[in-house]
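Chain and residue survey
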Amino acid sequence: MVSRALFQGRGFGSGIALNTVAAFAMMGSAYFTTQYLQSVLAMGTLEAALWSLAPSLVIGAAAPPARPWPRRWTGPTSSPAASPSPRPGSP
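Treat the numbers as computed from the prediction; the structure is a model and nothing was measured.

A few points about the overall build of the chain
Regarding its fold elements, the chain presents three helices and zero strands. For the chain, the N- to C-terminal ordering of α and β elements is α-α-α. Counting the 91 residues in the chain, one finds 4% classified as buried. Summed over its atoms, the accessible surface of the chain is roughly 8,200 Å², and 68% of this surface lies on carbon and sulfur atoms.

With respect to the packing of aromatic side chains
Ring pairs (aromatic) are described by centroid distance and by the angle formed between their planes. Per the counting criterion, the structure on display carries one aromatic pair. On the numbers, 5.2 Å between centres and 75 degrees between planes, the contact of Y31 with F32 is edge-to-face. Under the relative-accessibility criterion, Y31 is labelled partly exposed at 48%.

What about the packing of helix α1 (residues 10-39) against helix α2 (residues 45-66)?
Between α1 and α2, the shortest axis-to-axis distance is 9 Å and the interhelical angle comes to 135 degrees. The angle between the axes of α1 and α2 places the two elements in the oblique class. Classified by chirality, the crossing of α2 by α1 is right-handed. On the side of α1, the interface is formed by T33, T34, L37 and Q38, while α2 contributes T45, A48, W51 and S52.

Notes on unusual backbone geometry
Despite not being glycine, A42 shows a phi value in the positive range, around 55 degrees. Among the secondary structure elements, A42 is positioned in the loop between α1 and α2.

Examining a nonpolar patch on the surface
On the surface, V2, L6, F7 and I16 cluster together to form a nonpolar patch covering roughly 350 Å² of accessible area. When you line up the elements, I16 lands in helix α1.

Here we look at the environment of M43
Here M43 is to be found in the loop between α1 and α2. On the basis of relative accessibility, which here comes to 16%, the residue M43 falls in the buried class.

What to know about the confidence of the model for the chain
Chain-level pLDDT for the chain is 80 on average; 79% of the residues reach the 70-or-more range. Considering each helix and strand of the chain separately, the mean pLDDT is smallest for helix α3 (residues 69-74), with a value of 72, and largest for α1, with 88.

Thresholds, definitions, all that
- Residues numbered from 1 in each chain as written.
- Predicted model: local features only at pLDDT ≥ 70, side-chain atom pairs only at ≥ 80, totals over all residues.
- Heavy atoms only, no water.
- Helix = DSSP H or I, 4+ residues; strand = E, 2+ residues; numbered from the N terminus.
- Buried < 20%, exposed > 50% of the residue type's maximum accessible area, 1.4 Å probe, protein only.
- Areas by Shrake-Rupley, 256 points an atom, 1.4 Å probe, with all protein chains shown as cover.
- Phe/Tyr/Trp six-rings, centres within 6.5 Å; stacked < 30°, edge-to-face > 60°.
- Axes fitted to C-alpha atoms, helices over the stretch in contact; angles between N-to-C directions.
- Parallel < 35°, antiparallel > 145°, perpendicular 65-115°, else oblique.
- Left-handed = near helix turned anticlockwise from the far one by under 90°.
- Contact = heavy atoms within 4.5 Å.
- Patch = residues over 30% accessible without salt bridge, like charges linked within 9 Å, V, L, I, M, F, W, Y side chains within 5 Å.
- Salt bridge = Lys/Arg side-chain N within 4 Å of Asp/Glu carboxyl O.
- pLDDT = per-residue confidence, 0-100.

Here is the structure:
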């Protein structure tokens with residue numbers, strides 16, 4: 001269970017909201033892409049599924065090498081996991 005106190009912070013609540021919107025957008029895109037491939041391009045179910053895997057494979061291959069790129073522009077920053085904030089109510 002997620003504590004309700006976490007939602008009081010602007011960063012957590014907006015992060016969860018943005019993550020939820022992104023998840024629905026990705027699922028909608030996946031759904032409509034397979035519908036397009038099957039209905040408009042007359043592909044079979046297996047062929048449409050295999051064509052739908054292609055972008056995932058490209059992203060999966062490109063993500064690990066792209067990981068250090070943001071640091072080139074922003075410089076090294078401390079992550080929230082590196083310096084945890086104290087719990088509410090702790091001494």
